[in-house]
Structures are given as structure tokens and as C-alpha cells.
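Fold and geometry: a report
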Amino acid sequence: MTAPAGNFHDRVEKALHDPQLKIAIERTTGNARRKRAAAVAAWPDFEAARAAAAAIKDHAIEHMAFYLEMFERNALASGALVHWARDADEACRIVVDLCKAAGAKTVTRSKSMLGEEIGLPHALAGAGLRRVETDLAEHIIQLAGETPSHIIWPAAHRTAEDVAKLFDQYHHEKPPAHDVVSMVGSARKELRADFFAAEVGISGANFLVAETGAICTITNEGNAELTTTPPRVHIVTAGIEKIVASTEHALQLTRLLVRSATGADLTQYTTFHCGPKRPGDRDGPEQFHIVLVDHGRTQMLAEMPDMLRCLRCGACLNHCVVYRAIGGHAYGGAYPGPMGSVLTPVFDGLERTRDLPTACTLNGQCKQVCPVDIPLPTLLRHWRARSWRAGYEPKISSAAVKAWAYVAARPALYRLAQAFALPAMRLFAREGWISSLPLASGWTASRDFPKPPRQTFLTTIKKGGKENRKP
Ligand code: SF4
């Protein structure tokens with residue numbers, strides 16, 4: 001993925017001053033939260049299903065090598081070709097070479113976050129291939145020259161009014177009206193010819209099914225089927241963590257994934273693709289390639305295997321107070337929100353991305369809604385600790401924490417420091433809050449600090465719980 005402009009703080013500042021962004025994000029995530037809550041309420045066994053889903057993924061992760069080999073054997077037997085890619089560059093090179101070998105000029109693509117993760121859109125453009133995004137939201141952001149801002153709704157940052165302007169400007173025929181039906185119809189018409197002109201269709205995979213060698217795609221628009229069926233060549237790019245043992249397991253996870261993402265029982269299209277077209281088949285690709293991508297997943301297997309359970313449902317984004325305030329682009333990676341703050345340091349390095357785990361409030365909402373119970377706050381704390389140990393944090397913060405640790409380990413000194421600090425801090429408070437504090441301007445520049453009480457908790461307890469309640 002190309003690095004976005006500015007540093008994290010600049011991007012956050014820009015996002016916080018964009019009222020349109022806030023409206024668009026709240027519209028999308030608010031709807032998603034309400035629908036998910038209704039779906040969970042209507043499923044009495046939700047917690048049991050969640051535990052079972054986590055166990056299904058843990059089993060596949062624990063036996064990943066075994067199931068990946070089984071998947072490869074069965075995929076080969078179905079006529080597919082399997083390619084292994086250690087990292088993003090190798091994955092892109094394989095896909096580009098396959099497109100060139102197919103003599104492709106136009107390539108259709110259905111939404112795949114892995115594609116964004118490995119920078120596939122740029123690799124295709126670099127090879128002179130015309131890329132057509134076929135998911136409606138991806139089509140919108142392709143017209144706008146943007147990257148996705150949400151893993152389920154890539155155009156979550158855009159209002160319907162924005163989209164109408166884009167379609168008026170770029171579609172060969174302007175939509176007859178700016179209502180949703182007309183605009184969807186306009187996109188459908190615009191994309192139709194490309195579905196049939198493309199020589200290669202590229203998809204992701206929600207699951208890789210070991211027992212059959214099939215890959216599963218889940219969409220609401222049917223664009224994955226139109227991307228993968230008419231072209232002569234179908235290329236799948238999938239992270240190795242998408243492996244599951246059986247079709248039964250894939251379906252059990254699908255129930256959780258869809259409810260957590262959209263609140264629906266099922267998406268409109270759940271398709272298992274198994275090998276190329278066979279003799280007698282009316283349609284389907286002549287070649288079926290599956291590119292299995294590691295790109296940091298083996299490292300995660302050793303360091304944070306829980307994260308490999310992620311189904312990419314987006315629920316943690318929708319419930320995150322930080323994501324809802326700043327949207328997806330401010331995060332700067334392919335994956336935003338809590339799951340992105342855990343994943344991006346794996347892909348882009350902790351030194352460059354240490355701000356992401358630090359920007360979390362650790363309120364725990366993400367873990368609570370995650371359909372596979374990933375302990376996101378714990379994983380974020382893991383990165384924070386690593387960042388301190390590696391010396392990536394600013395020298396001043398590091399010195400302050402060391403000083404605090406020294407004082408905190410000496411009770412008499414600690415009490416003395418408190419005796420001075422509390423009254424001093426109270427001098428800077430206005431209407432119950434401290435907005436600016438010498439030596440802590442980095443903190444107070446973006447946060448207010450509550451006015452400290454007159455006496456410490458310990459003093460209050462010693463006095464029999466009688467706190468001086470005067471502010
Ligand atoms: S971390 Fe959990 S909630 Fe977030 S996208 Fe992954 S599966 Fe969904």
C-alpha cells in the first residue's frame with residue numbers, strides 16, 4: 001500500500017476538522033451497530049456460536065500447515081494451480097505475471113482487503129493493466145482516486161451527495177436521477193461491459209476449504225461471480241489464515257461473519273469456487289489460480305496467533321470511538337480501526353506505526369463485539385510494550401515514565417511528590433478541567449485533564465472516607 005500523506009497526527013487533525021466525514025461515518029457505523037445488535041438479540045445462542053467459531057479458527061490455526069497442504073492437494077485435484085507467496089512483492093509479481101501470460105489488458109477485481117494490503121492495485125497499474133473495481137463502493141473510490149476507509153464499506157466516508165457528483169462527472173451516461181436506485185443502475189450499466197471484456201478476474205477469498213480445495217466468496221452484489229466467471233482466467237489472492245478444515249466450518253463462520261458485519265442472516269451470494277470450468281460446463285474460467293500469501297502471518301502465528309482468527313467483519317471498527325471520530329484514512333494502512341492498529345505494525349513495521357496502538361482508549365468494546373473473541377486490547381498493549389522496549393517512544397515520554405517509576409517505587413518520596421503536585425496542578429484548572437499543563441503539553445494539546453481532588457485517595461481512606469468535596 002502506498003503511504004498516505006502526512007503523519008498520523010496530521011491526518012487525525014485533518015479528519016477531526018471534517019464535519020462531512022463525521023456525518024458519513026456515523027451514518028454507516030450507526031446503522032451497522034443497530035443491525036448487529038438486533039441480529040445478536042434474535043440469536044439466543046450467539047455467545048455459544050461465538051465460542052464455537054473461535055474454536056474452529058483456533059483448530060485451523062493450530063494445524064495450519066496440515067490443512068494448507070490438504071487444501072493444496074484438493075485444489076490441484078480440482079484443476080486449480082496453487083502459488084505460494086512469502087510477502088507482498090512476491091504475491092503481486094505472481095499476479096502480474098499471470099495477467100501478462102493471459103495477454104490481459106483489462107482486469108476486473110472484486111473487493112479484497114488482502115489486495116489492498118499487498119498493494120495489488122498499484123502493481124497492476126505499474127504493469128500497464130487496466131483495473132476495474134466491480135464492488136459498488138470500490139467503484140466509487142476508484143472514481144474518486146481513493147483507498148478504502150472501511151473494510152466492509154470502502155466508501156463509508158462518502159455521502160450519497162458526493163457519490164452523485166462523482167457519477168455525474170465520470171459515468172459515460174449521467175444517472176437519470178440522484179436516488180439510490182438510479183445511481184446503482186448507473187454503476188451497473190457502467191460496469192457491465194467490463195465484466196465481459198476482462199481477460200482476467202481477480203477475487204479474494206473469505207475461506208479456503210481444506211477438505212474440498214474450494215475457495216468461498218461472500219458478497220451482496222453478485223460482483224464476485226461476474227468477476228470470476230466470464231473471464232478466461234480467475235486469480236484468487238488469499239491470506240493463509242483463511243484456511244478452515246471443512247465446508248461445515250466455513251458455513252458456521254459465515255453465520256457469525258455476516259451477522260457481525262451487516263446484521264443480516266446471510267449475504268445475497270455465498271459461492272464456493274472449485275477449480276476451472278470442466279468439459280461440458282457452459283461457463284467458468286479456463287484457468288483457476290490460487291495465490292496463498294503469508295506476508296507476516298507466520299510471524300503472527302508465533303507472536304499473536306489470536307489475531308489470525310480475524311474474519312474481517314468490521315464490527316470492531318463500527319464500535320470503536322476512535323474510528324468513529326477519525327474515519328479510516330487517518331490510520332494510514334489498508335486496515336483501519338482496532339484490528340488495523342494490531343495488523344498494520346505487522347505489515348509496515350512497529351517503528352513507523354507505533355502511534356496506532358497508542359491511539360486506542362482500551363475501552364474494550366472491540367473485544368466485546370468481535371465474533372471470534374479476539375483480545376484486541378491485549379494485543380494493542382502488546383505493541384505498546386514492544387514499542388517501549390524497542391525505544392521507539394519519544395525520549396521525553398521515556399524519561400518521564402522512568403522518573404515516575406523511580407518515585408512510585410519509594411512511598412515516602414511518592415507522597416512528598418503528590419503533596420506538591422496536586423495543589424500545583426489545581427492552579428492550572430479552569431471550570432474543572434486542565435487544558436494546558438507545563439511539561440505535559442504533548443498530552444494536553446489533544447486531551448483535557450480532570451482537575452485533581454484536594455486530597456489523595458489514600459488520605460481520604462485514612463480519614464475514614466471523608467473526602468473534602470469542595471471542588
Ligand atoms: S478483529 Fe474481530 S471484530 Fe474486528 S474485523 Fe476481525 S473478526 Fe471482526
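Residues numbered from 1 in each chain as written. Predicted model: local features only at pLDDT ≥ 70, side-chain atom pairs only at ≥ 80, totals over all residues. Heavy atoms only, no water.

1. Here we look at the sheet that holds strand β1 (residues 81-85)
Which entries qualify depends on this criterion: Strand pairing is assigned whenever DSSP detects at least two bridges linking the two strands. Labels follow the DSSP assignment, with helices taken as runs of H or I lasting at least four residues and strands as runs of E lasting at least two, numbered in each case from the N terminus. A fitted line through C-alpha atoms represents every axis, and for helices the fit uses only the stretch in contact; the resulting angles, taken between N-to-C directions, go from 0 to 180 degrees. Any two residues having at least one pair of non-hydrogen atoms within 4.5 Å are treated as being in contact.
Read across the open sheet, the six strands follow the order β1-β10-β7-β4-β2-β3; overall the sheet is parallel. Where the open sheet ends on each side, the last strands, each with one partner, are β1 and β3 (130-133). Across this sheet, the average inter-strand angle for adjacent strands is 20°, counted without regard to direction. Alignment of β1 against strand β10 (residues 287-293), held across five bridges, turns out to be parallel. Paired with histidine 83 across the strands is valine 291, a residue of β10. Running at roughly 145° to β1, helix α5 (residues 88-101) makes contact with β1, β2 (106-109), β4 (200-203), β7 (233-239) and β10 of the sheet. Across the sheet, helix α10 (residues 180-197) is in contact with β2 and β3; its angle to β3 comes to roughly 130°.

2. Details of the site of the ligand
To keep things clear, this is the line we draw: Any residue with at least one heavy atom within 4 Å of a molecule or strand is counted as near it. When residue character is reported, Ala, Val, Leu, Ile, Met, Phe, Trp, Tyr, Cys and Pro are called nonpolar, Asp, Glu, Lys and Arg charged, and the others, Gly included, polar.
Around the ligand, the neighbouring residues are Cys310, Leu311, Arg312, Cys313, Gly314, Cys316, Met339, Cys370, Pro371, Val372, Ile374 and Leu376. Residues belonging to the shell around the ligand are distributed by class as follows: ten nonpolar, one polar and one charged.

3. Observations regarding helix α16 (residues 337-348)
Put simply, the rule reads: Multiplying 1.5 Å by the residue count of a helix minus one yields the expected span of that helix. Relative accessibility thresholds used throughout: buried, under 20% of the residue-type maximum; exposed, over 50%; partly exposed, between the two (1.4 Å probe, protein chains only).
The terminal C-alpha atoms of α16 lie 16 Å apart, and with twelve residues this matches the ideal 16 Å at 1.5 Å per residue to within 8%. Burial of α16 is extensive: eleven of the twelve residues sit out of reach of the surface. Among the residues of α16, Gly337, Pro338, Met339, Gly340, Ser341, Val342, Leu343, Thr344, Pro345, Val346 and Phe347 are the ones counted as buried. The positive-phi residue at the C-terminal boundary of α16 is glycine 349, with phi of around 90°.

4. Describing the pattern of salt bridges
Stated formally: Any Lys or Arg side-chain nitrogen located within 4 Å of an Asp or Glu carboxyl oxygen qualifies as a salt bridge.
Under the criterion given, the structure shown has 21 salt bridges. Here glutamate 393 makes a salt bridge to arginine 354, at a shortest N to O gap of 2.8 Å. With glutamate 393 in the loop between α20 (376-390) and α21 (395-408) and arginine 354 in the loop between α17 (350-353) and α18 (355-358), this pair connects stretches of sequence that are 39 residues apart. Residues aspartate 373 and lysine 367 are paired through a salt bridge, measuring 2.9 Å at the closest nitrogen-oxygen approach. For aspartate 373, a relative accessible area of 29% translates into the label partly exposed. Here the salt bridges do not stand alone but share partners, grouping Glu47, Arg50, Lys367 and Asp373 into one network.

5. As for the packing of α21 against helix α22 (residues 411-427)
Two elements in contact, α21 and α22, have axes separated by 7 Å at closest approach and are oriented at 115°. Contacts from Trp404, Tyr406, Val407 and Ala408 in α21 reach Leu413, Tyr414 and Ala417 in α22. Tallied by class, residues from the contact of α21 with α22 come to seven nonpolar, no polar and no charged.

6. With respect to the nonpolar core
Under the convention used in this document: Put simply, buried Ala, Val, Leu, Ile, Met, Phe, Trp, Tyr and Cys residues joined by side-chain atoms within 4.5 Å make one nonpolar core.
In terms of nonpolar packing, the biggest core is built from 81 residues, with Phe71, Phe207, Ile243, Ile290, Met307 and Met339 touching the most fellow members. With residues up to four places along the chain from it excluded, the contact list for isoleucine 243 reads Lys57, Ala60, Met64, Tyr67, Leu68, Phe71, Leu208 and Ala210. With 24 residues, the next largest nonpolar core counts Cys99, Val107, Leu114 and Val291 among its residues.

7. Focus: unusual backbone geometry
A positive phi angle, near 40°, is found at histidine 295, a position not held by glycine. Note on placement: histidine 295 falls in the loop between β10 and α13 (297-303). A positive phi angle, near 50°, is found at glutamate 431, a position not held by glycine. In this structure glutamate 431 comes out as exposed when scored by relative accessible area, which is 81%.

8. With respect to the pairing of strand β6 (residues 214-219)
In terms of burial, β6 is a largely internal element, six of the six residues being buried. Burial along β6 is two-sided: Ala214, Cys216 and Ile218 facing one way and Ile215, Thr217 and Thr219 facing the other are all buried. Judged from the three bridges that link them, strand β5 (residues 207-209) and β6 form a sheet pairing that is antiparallel. Each bridged residue has a counterpart across the sheet, and for leucine 208 the counterpart in β6 is isoleucine 215. Connecting β5 to the next strand, β6, in antiparallel fashion are four residues, including glycine 213 with a positive phi near 75°. Strand direction decides the pairing type here: β6 and strand β9 (residues 269-273), joined by five bridges, are antiparallel. When the sheet's bridge partners are listed, isoleucine 215 is paired in β9 with histidine 273.

9. Let's talk about the environment of glycine 337
Within the element layout of this structure, glycine 337 appears in helix α16. Under the relative-accessibility criterion, glycine 337 is labelled buried at 0%. Note: C-alpha distance between glycine 337 and aspartate 355 (18 residues apart in sequence) is 13 Å. Excluding residues within four positions of it along the chain, glycine 337 makes contact with Leu317, Tyr323 and Tyr331.

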